[in-house]
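Structure at a glance
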Amino acid sequence: MADEEISALLGRVALRDRDAFVALYRQTSPKLFGVCLRILKDRSEAEEALQEIYVKVWQRADRFATGQASPMSWLTAIARNHAIDLIRARKPVANAIDEAYDLADPAPDPERSAALRSEGRRIDACMEELEKDRAEAVRRAYVEGLSYQELAEMFAVPLNTMRTWLRRSLLKLRECMER
């Protein structure tokens, strides 16, 4: 389509001629869609942008000055500027360093790690104060999760004796840890 025809259509669109607008859209939309697609790199976003661009054309057709610029250049500038505005409005994409910075580290921080190690050493020291078989029963019950019955069978003692061993051992451990 020649520049004169597009200029004439823009003049009629400025007068709110819907038929001229439809003809302008049919004649110029493929080129403007290409501009949007090249800048936005997403087909659906380019299609949406194209619709918004033609709303602007409808609203601003009276601003087109015949003879100052090519009508196709004027339309392309509107499309290009709108697509660039959409890119600028997007949330900035973080680079790998920014993404890594925002991720929470599941490991305890150094202070917490040091406190846990210190507490672990205290528990180990207190476990050494228990008789060997009692300390082993506590480890198996509270670390490995064995039941009283399983422990009683393992150590060949009655069930109530195992319960007493564990209860007294825990009391001694608490007393030791409080020192």
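Before any of the text, the structure's been laid out above.
Read on for a plain summary of the structure. Starting afresh in each chain, residues are numbered from 1 along the sequence in its written order. Where local features are concerned, this predicted model is filtered to residues with pLDDT of at least 70; where side-chain atom pairs are given and counted, the filter is 80 or more; whole-chain, interface and lining totals use all residues. Note that the side-chain values use all heavy atoms of the structure and ignore hydrogens as well as water.

1. Quick word on unusual backbone geometry
Comment: phi is negative for the bulk of residues other than glycine, and the bulk of peptide bonds are trans. Located in the positive-phi region is Arg16, a residue other than glycine, with phi close to 70°. Tracing the backbone through its elements, the reader meets Arg16 in the loop between helix H1 (3-14) and helix H2 (18-40). When accessible area is computed with a 1.4 Å probe and restricted to protein chains, residues below 20% of their type maximum are described as buried, those above 50% as exposed, and intermediate ones as partly exposed. With a relative accessible area of 43%, Arg16 lands in the partly exposed category. Of note in this structure, Ala156 is not a glycine but carries a positive phi near 55°. Counting from the N terminus, the helices are DSSP H or I runs at least four residues long and the strands are E runs at least two residues long. The residue Ala156 is located in the loop between helix H8 (148-155) and helix H9 (159-178) in this model.

2. Observations concerning the nonpolar core
Here, nonpolar core means buried Ala, Val, Leu, Ile, Met, Phe, Trp, Tyr and Cys residues that are tied together by side-chain atoms lying within 4.5 Å of each other. The biggest cluster of nonpolar side chains holds 25 residues, and the ones touching the most others in it are Leu10, Leu24, Leu32, Cys36, Ile53, Val57 and Leu75. Those elements that provide at least two residues to this core are H1, H2, helix H3 (43-60) and helix H4 (71-89). Whether two residues touch is decided by their heavy atoms; if any such pair falls within 4.5 Å, the residues are in contact. When residues no more than four places from it in sequence are discounted, the contact partners of Leu32 are Leu50, Ile53, Tyr54, Met72, Leu75, Thr76 and Ala79. Counting residues in each nonpolar core, the second largest holds 15 residues, with Leu130, Ala141, Met162 and Leu173 among its members.

3. Some points on the side chain of Ser29
Mapped onto the secondary structure, Ser29 falls in helix H2. Apart from the residues lying within four places of it in its own chain, the contact partners of Ser29 are Leu24, Leu50 and Tyr54.

4. Remarks on helix H6 (residues 110-129)
If you check H6, its first and last C-alpha atoms are 29 Å apart, about what 20 residues at 1.5 Å a residue would give, namely 28 Å. Restricting attention to buried positions, one finds in H6 the residues Ser113, Cys126 and Met127. On an axial view of H6, the arc spanned by its buried residues comes to 145°, and they lie on one face. Exposed residues lying more than 90 degrees from the buried face of H6 are Pro110, Glu111, Arg121, Glu128 and Glu129. Along its buried surface, H6 packs onto helix H7 (132-142) and H9. Expected span of a helix, by definition, is 1.5 Å for each gap between consecutive residues, and there is one gap fewer than residues. By arc we mean the arc of the directions from the helix axis to the C-beta atoms, nothing more.

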